[in-house]
Amino acid sequence: MAENSPRKQQKTDVVKSTNVKFQKGHVSRKKRGQVMGSLGGFRGCTVWFTGLSGAGKTTISFAVEEYLNGKGIPAYGLDGDNIRTGLNRNLGFSPQDREENIRRIGEVAKLFADGGIVALTSFISPYAKDRIQARRAHEDAGLPFFEVFIDTPLEVCEERDVKGLYKKARAGLIKGFTGIDAAYEPPVEPDLVLKAGEFGVHECVRKVLKMLEKRNVLPFSAVDDVRELFVPDDQIETARADAASLHSVNITKLDLQWVQVLAEGWATPLRGFMRESEYLQCLHFGTLQDGGISSQSIPIVLPISTADKEAMEDVSALTLSYEGRHVAIIRNPEFFEHRKEERCSRQFGTANKDHPYVKVRCMVS
């Protein structure tokens, strides 16, 4: 049979196994999430890297795998060549076998994802229909699926030619090679496009991590990034007008310094002054634990007077002012007991008012 013969459709959805019924286990995804990894929470999903041979799929997926495991998030790289040495070693590279290859790995990735693991698949997967089928299998199971197109030009892939396959294909020694004499169908609407011919591995990994963070798979604490809280330049005038219309609270120089710390991202992942749950986590454990564990031994709170609290209990936003100048806006403020004596005792080992730090930092009326 000639390799370049027209592709025949293979009915991979034909069920040959009879008298079988899916058995639901006793362990929920929530329970798995509690024991998988050190950050807690169910994060099972599949990131499907697709692109030409030599595009950088495996390099990027393995780098993401290494990063996530280093952060305590279980991840596993499923590489095309590796799978063909075991599970799919009975498949060749005909259109029909390629279709079955992707069907099988789609099911394997789904099992990994259902187990709470971030499955990172790196397969050429040249046919759009097969990738759609893999996505549908995940969606039907209620699992996230992200298609990442490694958009590296053919000439760059040929120049790399790590395995020497392009040279063989150009010489006619390999038939049906994707990009040479076999078609590759690029994704129409991928979740992410990586120009691996223009950007390095580190930048590509960062983009994958940011995508997973935005899609609520990763907590912000798992992404090595700084969260600045400055108002964007194109929104400054609107923010100033908004600040002028809100109830204003006068803050001290020390409070202003904490505003600067927060704004410049030094207290990442905090999104502002601590809420009560963050404050208690900081006091009792020296960490922030919402969405992952981050070291935070210093409470960053904004003490206010009882009079200000009573005047603002029902407001949805307020302005912080220093010496008559509006410096920040707090959205959805939360008021809670300061627990000054406990804070001082845990931070400084004493609540004695004669201690200089207790007097300055904790005994605020």
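The structure we're discussing is the one just above.
Predicted model only: the values in this text are computed from it and were never measured.

1. Description of the sheet that holds strand β10 (residues 325-331)
Next, step 1: The mixed open sheet is built from three strands, whose spatial order is β6-β9-β10. Of all strands in the sheet, those with a lone pairing partner are β6 (248-250) and β10, marking the two edges. Within the sheet, the average angular offset between the axes of one strand and its neighbour, ignoring direction, is 30 degrees.
Next, step 2: Alignment of β6 against strand β9 (residues 317-322), held across three bridges, turns out to be parallel. Bridge pairing links Asn250 to Ser321 in β9.
Next, step 3: Along the sheet face, helix α9 (residues 236-245) touches β9 and β10 and points at about 85 degrees away from the line of β10.

2. Re the environment of Asp114
Next, step 1: Looking at the element boundaries, Asp114 is found in helix α4 (residues 95-114).
Next, step 2: Residues Asp114 and Pro144 lie 30 residues apart in sequence; the distance between their C-alpha atoms is 9.8 Å.
Next, step 3: Excluding anything up to four places from it in sequence, Asp114 contacts Arg29, Arg32, Phe42 and Leu143.

3. Overview of the layout of surface pockets
A water-sized probe, rolled over the atoms, reveals where empty space remains.
Next, step 1: What the second largest pocket holds in volume is close to 840 Å³.
Next, step 2: In terms of lining, the second largest pocket is formed by 37 residues, of which the most central are Ser53, Gly54, Lys57, Ile124 and Lys163.
Next, step 3: Within the residue set of the lining of the second largest pocket, elements represented by two or more residues are α2 (57-70), α3 (80-84), α4, α7 (165-170) and α8 (201-214).
Next, step 4: Examining the composition of the lining of the second largest pocket, we find that four residues originate from one element, α2, more than from any other.

4. Some remarks on the sheet that holds strand β3 (residues 118-122)
Next, step 1: Within the open sheet, the five strands sit side by side as β2-β3-β1-β4-β5. Their pairing is parallel. Of all strands in the sheet, those with a lone pairing partner are β2 (75-79) and β5 (192-194), marking the two edges. With direction set aside, neighbouring strand axes in the sheet form an average angle of 20 degrees.
Next, step 2: Judged from the five bridges that link them, strand β1 (residues 45-50) and strand β4 (residues 145-150) form a sheet pairing that is parallel. Residue pairing for β4: Phe49 is matched across the bridge by Val148.
Next, step 3: Of the strands in this sheet, β1, β2, β3, β4 and β5 touch α2, which is tilted by about 165 degrees from β2.
Next, step 4: Running over the sheet, α8 touches β1, β4 and β5 and is turned about 175 degrees from β5.

Thresholds, definitions, all that
Residues numbered from 1 in each chain as written. Predicted model: local features only at pLDDT ≥ 70, side-chain atom pairs only at ≥ 80, totals over all residues. Heavy atoms only, no water. Pairing = 2+ DSSP bridges. Helix = DSSP H or I, 4+ residues; strand = E, 2+ residues; numbered from the N terminus. Axes fitted to C-alpha atoms, helices over the stretch in contact; angles between N-to-C directions. Contact = heavy atoms within 4.5 Å. 1 Å grid on protein atoms, 1.4 Å probe; cavity = no way out; pocket = protein on both sides within 12 Å on 5 of 7 lines; lining within 4 Å. Points joined across faces, edges and corners; volume = space filled by probe spheres on them.

No statement about biological role is implied by the geometric values presented.
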